[in-house]
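Chain by chain, the residues run as shown.
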Amino acid sequence: MISLAARDIAHGLGRFVLTGLGLGLLLGVTFSMAGIYRGMVDDAQALLANSGADLWVVQKDTQGPYAESSSLPDDAVRGIRALDGVAQAANVTYLTMQVQRGETETRAMVVGFEPGQPGEPPFLIAGRLPVRSHYEAVADRMTGYQVGERIRIRRHDYTVVGLTRRMVSSGGDPMVFIPLKDAQEAQFLKDNDAIVNNRARTAANPALNRPGVPGLLDAINATQTSNHSVNAVLVRLAPGADPDAVADTVRRWKHLQAYTVAQMQEILVAKLIATSARQIGMFLAILTVVSAAIVAFIIYTMTLGKMREIAVLKLIGTRNRTIAGMILQQALGLGLIGFLVGRVAAELWAPFFPKYVLLLPGDAARGFAVVMVVCALASTLAIRVALRVDPAEAIG
Amino acid sequence: MKLPRPSLRQVLIAAAVVLLLAGAATVARRSGPFAAVSVTVVQPAQADLAPVLFGIGTVEARRSYLIGPTTAARVLRVRVDVGDVVKAGDLLAEMDPVDLDPRLGSAQAAIERGLSAQRSAEAQVADARSRQALAASEATRYQDLQRQNFVSPSVVDAKLQALKSADAQLTAAEAALAAARQDVTRLGAEREAVGRQRANLRLLAPADGVVTAREAEPGSTVVAGQAVLKLQQPGSLWVTTRFDQARATGLAEGLPASIRLRSAPERALPGKVLRIEPVADSVTEERIAQITFDAPPVGVSTKEMAEVTVALPVVPKARVLPNAALKMHQGRSGVWLLDGERLRFAPVRTGARGPDGAVQVLDGLPGDARVVVYSERALNPDTRVRVVERLAGSAP
């Protein structure tokens, strides 16, 4: 028995391969779109995993620090450290800002962390962790910084001493880690003009600048420029401690809000990135339908182009099963080539996306199944037409 | 059934398909969760470790003076301005004496009046003395005459009575003179007091120094203790430096330090730790130390920010690792060791830390350990790793 499909493909190999390639590129776009969606979710997960926390303690009645802004005093951590079941607790601040790098700007999330505590970058790919308590930074590779370069954040220059990767905010912005005290200052320090104006404003207020009370104005000005707030306290629990029990204690007795990993995940995935994820999901759905339609049309027109040959086959008495098999095999072959080309293409161009694209093997397997099913379904359409062809057309 | 011999074209197609599949398989293996994590390894080195402490401080004058009146007063004139160099005892400013000068005049007039009264009392004493002398001589004479029986005893008695009366008058006159003299002394003291008050309104320099602030202008009223001028000793500059409590181990008096002023960050000025404040800051969790300059720099303004690096004694021949190798795993700090292909977490105890990120490992590290330094993601014992020279994204 000869393989009619292989013969036919070999006959128009160039056309077949080019069609497969085109189809592959289309599938590659679909895979990339799925990868973008997975990447978004993974960004949110990475944020949680990299913080190394079991509990997030934030301002009461807020869903901070990622989804909402949260601010709590930086000495609240001491009370939390003393709770039963808490192994470590550390202050942390988050501040999204544009970081200047020469002529270009990068959007980055500046994280203030305490060394050796949750919130510290868990691994590095180059350089070292900060040693000084001020003005040293660890940057994510995505910021484009290299070890030894200097970052300007507000009024201070920070030396990049280490690099890390996949340290991103829920929005996918790369992180820059700086010491907590610097970050507190960077977050709440106003620019010099604002400070000077504010001092003048305070001095103009007769209630705050009374002639009989020397030093009052200085004291008020001093309180206005100092800051003792942080955005969250990251808690690492002792082995065996129940996160929900500790979270309950914090909520009830510390009058702060506490979230476990599961709750935080819910906030990030279901609330923070929900709309953009649905947006991408919608686009992915449309793209899948369009891809399926295009695959169907390609196979259909390919069969239509071979009507005369099929009529000849019928004329010489080829069985219907053989003809249907030929068309099905060609469709599946086309799908296979398309899938492989698409998957490889998606992998190749993934690093060039500005945000993280995560191509999961599970998604690839699902994609493969969908492609094969769509090809098979599309071929039935073509087979129906092929079987209905009149053998007389071969000579007519 | 006999299989047909595959044609060259079929072989080629099959080869291409196999190649594409192999490519896709490689792609799938190198990305995604099954991929091996690239890591770099290092062996602990023997080195002399020179730990440093890093702090932020402000330049301050060791001795500064607030100069103001001791009672509420209006400023009459200010004779110096900011930047003027003054000597101890120089007149810096004067307060308005209001009624003190007339009161001084009144006191002077009262003294003169007292002196007049004193002179009158002196005259009265002289008068009484001469009367007393006359009475005494008369009494003696009549007593002689009575012995010769020339006069009656009653006449002698009258003369003796006159003598006693003259004695009493002299005593009274002398007492009046003493009172007049005491009055003059009292009035003199009163004038002295007013004069002192007057002098107290002249603000004199308590020491050699430089005027750093002129806080009140002529015509303005200041309350008791409010500064009109601020003075500081120029040679007494030091840097009040704050060290993170968590990173202040080993801070001691006498240690050499290098001071970098924000205005001249390239120039390291030598200094040493003069004093460690016995009270730390509980709010900022910092220790405070005073660092003096070996040679006080010229043209430095106080309150300028300075970075201080204190050199601690060198730890000779320490086993050192880069601090990027220290990771947290299950709540413990340690390093990942590479046993052949497998990862093993070894908790270690660390000692001194160098400025370049070197960390002294005290124990917990086998002699020929291969320690993971950089990794592309957080590790756990099941992670498959691939040792590379350096990780992607880091400059050589």
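For the structure, see preceding data.
In this report, the structure presented in the accompanying data block is examined. (Residues numbered from 1 in each chain as written. Chains lettered and ligands numbered in written order. Predicted model: local features only at pLDDT ≥ 70, side-chain atom pairs only at ≥ 80, totals over all residues.)

## A few points about the overall build of chain B
Each helix and strand counted, chain B has three helices and 24 strands in total. For 396 residues, the compact-globule estimate of 2.2 N^0.38 gives 21 Å, and the C-alpha radius of gyration of chain B, at 49 Å, exceeds that figure by more than 25%. Counting only C-alpha atoms, chain B reaches 200 × 45 × 35 Å along its principal axes. Scored against the burial criterion, the 396 residues of chain B give a buried share of 24%. The contacts of chain B with a sequence gap of at least 6 include a subset with a gap of at least 24, amounting to 74%. (Helix = DSSP H or I, 4+ residues; strand = E, 2+ residues; numbered from the N terminus. Rg over C-alpha atoms; globule rule 2.2 N^0.38 Å. Buried ≥ 20, exposed ≤ 12 C-beta atoms within 10 Å, placed from the backbone. Contact = placed C-beta atoms within 7 Å.)

## Here we look at the sheet that holds strand β9 (residues 209-214) of chain B
Residues and elements named next belong to chain B. The sheet built from four strands is open, its strands ordered β4-β11-β9-β6 with antiparallel pairing. Each end of this open sheet is capped by a strand with a single partner; those strands are β4 (64-67) and β6 (85-86). Inspection of the sheet shows β4 paired to strand β11 (residues 229-232) by four bridges, in the antiparallel sense. Looking at β11, one finds that Ile67 is bridged to Leu229. (Pairing = 2+ DSSP bridges.)

## Brief notes about the pairing of strand β7 (residues 150-153) of chain A
All names here are of chain A. Of the two faces of β7, the one lined by Ile151 and Ile153 is fully buried and the one lined by Arg150 and Arg152 carries no buried residue. Direction of pairing for β7 relative to strand β8 (residues 156-164): antiparallel, over a ladder of four bridges. Among the inter-strand pairings, Arg150 is bridged to a residue of β8, identified as Thr159. Joining the antiparallel neighbours β7 and β8 is a turn of two residues, in which Arg154 adopts a positive phi near 55°.

## Overview of the packing of helix α2 (residues 13-51) of chain A against helix α9 (residues 274-304) of chain A
All names here are of chain A. Close contact between α2 and α9 brings their axes to 10 Å; oriented N to C, the two are set at 165°. Our classification of the angle between α2 and α9 gives roughly antiparallel. For the crossing formed where α2 meets α9, the hand is left-handed. Contact residues: Thr19, Leu23, Leu26, Leu27, Val29, Thr30, Met33, Ala34, Ile36, Tyr37, Met40 and Val41 in α2; Ser276, Ala277, Ile280, Gly281, Phe283, Leu284, Leu287, Thr288, Ser291, Ile294, Val295 and Ile298 in α9. When its residues are assigned to classes, the contact of α2 with α9 shows 18 nonpolar, six polar and no charged. (Axes fitted to C-alpha atoms, helices over the stretch in contact; angles between N-to-C directions. Parallel < 35°, antiparallel > 145°, perpendicular 65-115°, else oblique. Left-handed = near helix turned anticlockwise from the far one by under 90°. Nonpolar A, V, L, I, M, F, W, Y, C, P; charged D, E, K, R; others polar.)

## Observations regarding the interface of chain A and chain B
With 37 residues of chain A at the interface, the matching set in chain B holds 36 residues. Among the elements of the structure, α1 (4-11), β5 (126-127), β8, α11 (320-349) and α12 (361-387) of chain A are those that each provide at least two residues to the side of chain A that touches chain B. In terms of residue class, the side of chain A that touches chain B is built from 21 nonpolar, eight polar and eight charged.

## So, the sheet that holds strand β10 (residues 221-222) of chain B
Residue and element names in this part refer to chain B. Pairing is antiparallel in the open sheet, where four strands are placed in the order β8-β7-β5-β10. Two strands lie at the open edges of the sheet, namely β8 (202-204) and β10, each paired on one side alone. Across three bridges, the pairing between strand β5 (residues 73-78) and strand β7 (residues 91-95) is antiparallel. Each bridged residue has a counterpart across the sheet, and for Val78 the counterpart in β7 is Ala93.

## Here we look at the pairing of strand β16 (residues 305-311) of chain B
Residues and elements named next belong to chain B. Pairing analysis gives seven bridges linking strand β3 (residues 52-61) to β16, with the strands arranged antiparallel. Pairing of Leu53 across the sheet is with Val310, part of β16. Of the pairings in the sheet, the one linking strand β13 (residues 256-261) to β16 comprises five bridges and is antiparallel in character. Residue pairing for β16: Leu261 is matched across the bridge by Ala306.

Take it as geometry only, folks, not as evidence of what the structure does.
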